[in-house]
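Residue strings, one per chain:
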Amino acid sequence: MGNLYLLQFFKTVSSSWKKQYIKRYIAISGVFGGSVKSIRALVSGEIESIPRVFVDPDEVRSFQRTFQSIYWLLPKKQLWGKHEEIVFTPERNYTVYDFGKLLEDAGFPIGKRHSKDS
């Protein structure tokens, strides 16, 4: 996330400021194109490697859905084909153009409003 915040900061300062204070900027592992993990967090709760006996993914999901920054991390439409599926379920598969429907199907219709700009 640091790279995204820094990018936003760079947009707010003048070229002369950057020239004076920034010699080089190298983004390492920046998620400029988004991350599929953000989809998992919104749909089912991302708990990484924490055993489910310690953490309930549904509770984590409710909490993660409140993070405004998670919508910045949705995969960007410019990098995926219109018909390239990235979420697979027994009922239906979804593309980056289907985030609204995916969130609605996951019981989070309000998320559709937040995902429009991804």
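For the structure, check the block above.
Residues numbered from 1 in each chain as written. Predicted model: local features only at pLDDT ≥ 70, side-chain atom pairs only at ≥ 80, totals over all residues. Heavy atoms only, no water.

## Considering the overall build of the protein
No. 1: Secondary structure summary: the protein contains six helices and two strands in total.
No. 2: For the protein, the N- to C-terminal ordering of α and β elements is α-α-α-α-β-β-α-α.
No. 3: The C-alpha atoms of the protein give a radius of gyration of 17 Å, which is well past the 13 Å a tight globule of 118 residues would have.
No. 4: Taken over the C-alpha atoms alone, the protein extends approximately 55 × 40 × 25 Å along its principal axes. (Helix = DSSP H or I, 4+ residues; strand = E, 2+ residues; numbered from the N terminus. Rg over C-alpha atoms; globule rule 2.2 N^0.38 Å.)

## Points about the environment of Q64
No. 1: Looking at where Q64 falls in the secondary structure, it is placed in helix α4 (residues 57-64).
No. 2: On the basis of relative accessibility, which here comes to 11%, the residue Q64 falls in the buried class.
No. 3: Q64 sits 23 residues away from A41 along the chain, and the two C-alpha atoms are 6.5 Å apart. (Buried < 20%, exposed > 50% of the residue type's maximum accessible area, 1.4 Å probe, protein only.)

## What to know about the packing of aromatic side chains
For any pair of aromatic rings, the description rests on two quantities: the centre-to-centre distance and the angle between the ring planes.
No. 1: The full count for this structure, using the stated rule, is five aromatic pairs.
No. 2: Arranged with centres 5.4 Å apart and planes meeting at 85°, the rings of F9 and W17 form a pair that is edge-to-face.
No. 3: One aromatic cluster in this structure is built from F9, F10, W17, Y21 and Y25. (Phe/Tyr/Trp six-rings, centres within 6.5 Å; stacked < 30°, edge-to-face > 60°.)

## Description of the pattern of salt bridges
Any two side chains of opposite charge can pair, so long as their charged atoms come close to each other.
No. 1: Counted according to the given criterion, the structure contains two salt bridges.
No. 2: Of the charged contacts in the structure, one is a salt bridge between D98 and R92, with a shortest N-O distance of 3.5 Å.
No. 3: Judged by its relative accessible area of 30%, R92 falls in the partly exposed class.
No. 4: Salt-bridge contacts for K101 lead to D105; the nearest nitrogen and oxygen are separated by 2.9 Å. Taken together, the residues span about one helical turn, with K101 and D105 both in helix α5 (residues 99-105) at a distance of four residues. (Salt bridge = Lys/Arg side-chain N within 4 Å of Asp/Glu carboxyl O.)

## Description of the nonpolar core
No. 1: I39, L42 and F99 are the most contacted members of the largest nonpolar core, which totals 14 residues.
No. 2: For this core, the elements supplying multiple residues, two or more each, are α3 (36-44), β1 (85-88) and α5.
No. 3: Once residues within four sequence positions are removed from consideration, L42 is found in contact with R61, R65, I70, Y71, L74, L103 and F108. (Core = buried A, V, L, I, M, F, W, Y, C linked by side-chain atoms within 4.5 Å. Contact = heavy atoms within 4.5 Å.)

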